[in-house]
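# Working through the structure, step by step
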Amino acid sequence: MALDDRRHSLTEERLSSMTVPDVGCTAEARQAALARLRSMGLPQGRDEYWKFTKPDTLVQPDAPKAALFVDDEAPLFDNVDRLKIVFVDGVYSPELSDPFELEGVQVDRLEDVCCTDDHWAEDLYGVLEARGQTPVARPLAALNTAYAGDGVTIRVTGQPSKPINLIYTHKSETSDVFLHHVVRVESGAEATILETGPAAARFNKCMEIEIADGGALHHIRAQGRDHERRAVTHMFARLGEESTFKSFTLTANGVLTRNECVVELTGDNAVAHVAGACVGDGDFHHDDTVFITHDAVNCESRQVFKKVLRNGATGVFQGKILVQPGAQKTDGYQISQSLLLDGDSEFLAKPELEIYADDVACSHGSTSGAIDEEALFYLRARGVPNAIATDLLTLAFLAEAVEEIESEALRDDINTRLEAWLERRRG
Amino acid sequence: MLEIKGLKVDLEEEEKSILKGVDLTVEAGKVHAIMGPNGSGKSTLSYVLSGKDGYEVTGGGATLEGEDVLEMEPEERAAAGLFLAFQYPVEIPGVGNMTFLRTALNAQRKARGEEEMSATDFLKMVREKAKSLKIDADMLKRPVNVGFSGGEKKRNEILQMAVLEPKMCILDETDSGLDVDAMKLVAQGVNALRDQGRGFLVITHYQRLLDHIKPDVVHIMADGRIVKTGGPDLALEVENNGYADILAEVA
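Residues numbered from 1 in each chain as written. Chains lettered and ligands numbered in written order. Predicted model: local features only at pLDDT ≥ 70, side-chain atom pairs only at ≥ 80, totals over all residues. Heavy atoms only, no water.

Our next topic: empty space enclosed by the protein. All names here are of chain A. Within the structure shown, the criterion is met by five cavities of 30 Å³ or more. Each pocket or cavity is described by its volume, and for the largest cavity that value is around 80 Å³. For the largest cavity, the lining is made up of 13 residues, of which Tyr 168, Gly 197, Phe 203, Arg 221 and Gln 223 are closest to its centre. Put simply, the parts of the chain that give the lining of the largest cavity at least two residues each are β7 (190-196), β8 (202-211), β9 (216-222) and β10 (230-239). For the lining of the largest cavity, the residue count by class is five nonpolar, four polar and four charged. When its volume is computed, the second largest cavity comes out at roughly 60 Å³. Every residue lining the second largest cavity is listed: Arg 221, Met 235, Ser 247, Thr 249, Asn 259, Glu 260, Cys 261, Val 274, Ala 275, Asp 288, Val 290 and Phe 305. Contributions of two or more residues to the lining of the second largest cavity are made by β11 (244-252), β12 (256-265), β13 (271-281) and β14 (285-294). It is β12 that provides the largest number of residues to the lining of the second largest cavity, a total of three residues. For the lining of the second largest cavity, the per-class residue count stands at six nonpolar, three polar and three charged. (1 Å grid on protein atoms, 1.4 Å probe; cavity = no way out; pocket = protein on both sides within 12 Å on 5 of 7 lines; lining within 4 Å. Points joined across faces, edges and corners; volume = space filled by probe spheres on them. Helix = DSSP H or I, 4+ residues; strand = E, 2+ residues; numbered from the N terminus. Nonpolar A, V, L, I, M, F, W, Y, C, P; charged D, E, K, R; others polar.)

All names here are of chain A. Where helix α1 (residues 5-16) contacts helix α2 (residues 27-40), the axes come no closer than 9 Å and their chain directions differ by 145 degrees. Contacts between α1 and α2 involve Arg 7, Glu 12 and Leu 15 on the former and, on the latter, Leu 34, Leu 37, Arg 38 and Met 40. Here the residues of the contact of α1 with α2 sort into four nonpolar, no polar and three charged. (Axes fitted to C-alpha atoms, helices over the stretch in contact; angles between N-to-C directions. Contact = heavy atoms within 4.5 Å.)

Contacts between the two partners involve 29 residues from chain B and, on the opposite side, 16 residues from chain A. The contact between chain B and chain A buries some 1900 Å² in all, and 68% of this surface belongs to carbon and sulfur atoms. Interface area lost by chain B to chain A is led by Glu75(B), Phe86(B) and Val90(B), which between them contribute 27%. At the junction of chain B and chain A, the tally comes to four salt bridges. Here Glu73(B) makes a salt bridge to Arg380(A), at a shortest N to O gap of 2.6 Å. At the junction of chain B and chain A, the tally comes to eleven residue pairs in polar contact (both at pLDDT 80 or more). Listing elements by their share of the side of chain B that touches chain A, those giving two or more residues are α1 (42-50), α2 (74-80), β6 (82-85), β7 (92-96), α3 (97-111) and α6 (150-164) of chain B. Of the residues in the side of chain B that touches chain A, the class split is 17 nonpolar, eight polar and four charged. (Buried area = accessible area lost by both parts, 1.4 Å probe. Salt bridge = Lys/Arg side-chain N within 4 Å of Asp/Glu carboxyl O. Polar contact = N/O pair within 3.5 Å; in protein donor to acceptor, adjacent residues only side chain to side chain.)

What follows is about α6(B). Every α-helix carries 3.6 residues per turn, so stepping three or four residues along brings you back to the same face. Residues and elements named next belong to chain B. With 15 residues, α6 should reach 21 Å at 1.5 Å per residue; the first-to-last C-alpha distance of 21 Å fits that figure. Taken across its 15 residues, α6 has 14 buried, putting it largely inside the fold. One or two residues past the end of α6 sits Glu 165, with phi positive at roughly 45 degrees. (Expected span 1.5 Å × (residues − 1). Buried < 20%, exposed > 50% of the residue type's maximum accessible area, 1.4 Å probe, protein only.)

Among the surface-exposed residues, Asp372(A), Glu373(A), Glu12(B), Glu13(B), Glu14(B), Glu15(B), Asp53(B) and Glu56(B) lie close enough to one another that they form a single negatively charged patch. Considering the arrangement of structural elements, one finds Glu56(B) in strand β4 (residues 55-64). Given a relative accessible area of 41%, Glu56(B) falls into the partly exposed group. (Patch = residues over 30% accessible without salt bridge, like charges linked within 9 Å, V, L, I, M, F, W, Y side chains within 5 Å. Areas by Shrake-Rupley, 256 points an atom, 1.4 Å probe, with all protein chains shown as cover. Lys, Arg positive; Asp, Glu negative; His and termini not counted. Charge placed at Lys NZ, Arg CZ, Asp CG, Glu CD.)

Next up on the list: the layout of surface pockets. Roughly 1200 Å³ of internal volume is contained in the largest pocket. Lining the largest pocket we find 32 residues, and of these Leu392(A), Leu395(A), Glu419(A), Thr99(B) and Thr103(B) sit closest to its centre. Going through the elements one at a time, α7 (386-402) and α8 (408-426) of chain A together with β7 and α3 of chain B are the ones with two or more residues in the lining of the largest pocket. Broken down by element, the lining of the largest pocket gets its largest block of residues, nine residues, from α8(A). Among the residues forming the lining of the largest pocket, the class breakdown is 13 nonpolar, seven polar and twelve charged. Computed from the structure, the second largest pocket encloses a volume of approximately 540 Å³. Sorting the residues of the lining of the second largest pocket by element identifies β5 (164-169) and α8 of chain A as the ones contributing at least two each. Ranked by residues supplied to the lining of the second largest pocket, first place goes to β5(A) with three residues.

Turning our eyes to something else, we now look at the sheet that holds β4(B). Two orientations exist for strands paired in a sheet by backbone hydrogen bonds: parallel and antiparallel. Residues and elements named next belong to chain B. A sheet is described by the order of its strands in space; here four strands give the open sequence β2-β1-β4-β5, paired in antiparallel fashion. Both edges of this open sheet fall to β2 (16-26) and β5 (67-68), since each of them pairs with a single strand only. Bridge count between strand β1 (residues 2-11) and β4: eight bridges; the pairing is antiparallel. Its bridge partner lying in β4, Leu 11 is registered against Tyr 55. Seen against the sheet, α1 touches β1, β2 and β4 and runs at an angle of roughly 105 degrees to β1. (Pairing = 2+ DSSP bridges.)

If you want it as structure tokens, here you go:
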């Protein structure tokens, strides 16, 4: 179907200033992505999945300026032994990174993925993204596949002794960054990938993840505290038999964040948990768009999203569970909740279930509420000042999402960070 | 310790008068009991004293060691030494019992200009006090009151009281929902604190609790006023004859 004029010109206007980079042997995949993008066109506000989040600033040719944020906190996971891979405004920095040496993992820079070596990632780059374009179009992910200038490929073959931390630093007020990572967890292998930092004034990131039978991937992300940054991220995960994928995202600040997560459970007994906790204050718009497809027997999926909003902050949740014919014994759970600390903030939720199998258990819930006055009075009556009591209840509200992090050490790190943020906000 | 003078209170939303001039003085080291029929204003008195929203003071006042408590925020009243053991302790999912207790204790200490207690000292102190109330480690670890039985919730209230060491304790129907053994434990907890010169205001429907916590003074409250004050015998009279006789007598 031909695009309407406006979408066509919007798309071409954006593409006219960009060149498809010549990175590794991804040329074919990039051209295919470009063709996909041209057939879909870039998103507009009237599109079904963009009604709650204005795509304009993500689509326009130039990235809106984002002032640099002076973060005087110690970096997250500072005390965790990890393999650091650092990108500065979207460019890999060998000086700041650790050498790609970790037993059980093969890491390569995207540009080193060469056809002649028959690199494993060739078969994945853009492939899962393309699969994730139906039934819902995700044009900004296709844009990423076509134009991503950097990224890494991570192949997990064993049980690496420490997590891999992708660290995204932001040094330029106008940086407009595309990063694309490809991850494959081999059969029986298990790893943890951490992502931290704001990355850019405008950040478009795509991560394709394939988990083979019996593999497991833990993903924990913190999106940085820069107030003015914008980000659109996509995760496309395909899970084999008995495999596990657990992802958690922490977001504080950022004028606009859209995190899309597309998961396909293609092998029996696979488990996917996707969770997010966000704390938004003022000019803050945070959107979690999740699509989980059950296409095998006896798989479990959980979506747990919690948002704390105040001073006019907006939270969006669009979550779907699709159960394909034959995906019997599906156990699907979805909860999205917001804690509105004042009357100016807004939470928009669109939970969706689409089920074509008859022996499944799927539940979903969405709530929006204020601080529990009874609990608040109880705490205050014991001497806890109002502001601290509110923070305690805020942390308690977020706990269900944070508890999705399996590692106690990493969970503690996230909790400590959250506490510090809340404390700082109290002044 | 606690001095209430001519206290008049309306329900904010309904413009309904609940307390119609309460006079009551609790001295240090003394236990005062308030009994009275349903709807007489007993629980309202406890909420107004502890600072719950939804009430409007239309007359009179209340002081704790000479300080006007009604002017203070709930947390300031707590730091000043006022404690309410809730009739219905609130469940707070996601907030650990220990975190809650420690935050409360240290916030009070901070407000009074005292040094905060270290995690180790705190743990030791709480474990000791919990033991005497038969509160096990598991209960301390769980979120505040979540999944607690009625008796466990009330014991948890007394544990908080023991940890926070308030000067003036108000017990709002702490005996409701307690079996005999739990009541004895609660009473022991109260009696242990009583010996240290603290004031108590025990709100109850029944004489039963007063067998274990011997009151010095018993007040009968009806229709927003203290209508009769006497010694421990007054509670027995209520137990035997109900409120009707007393109310008829003062009417």
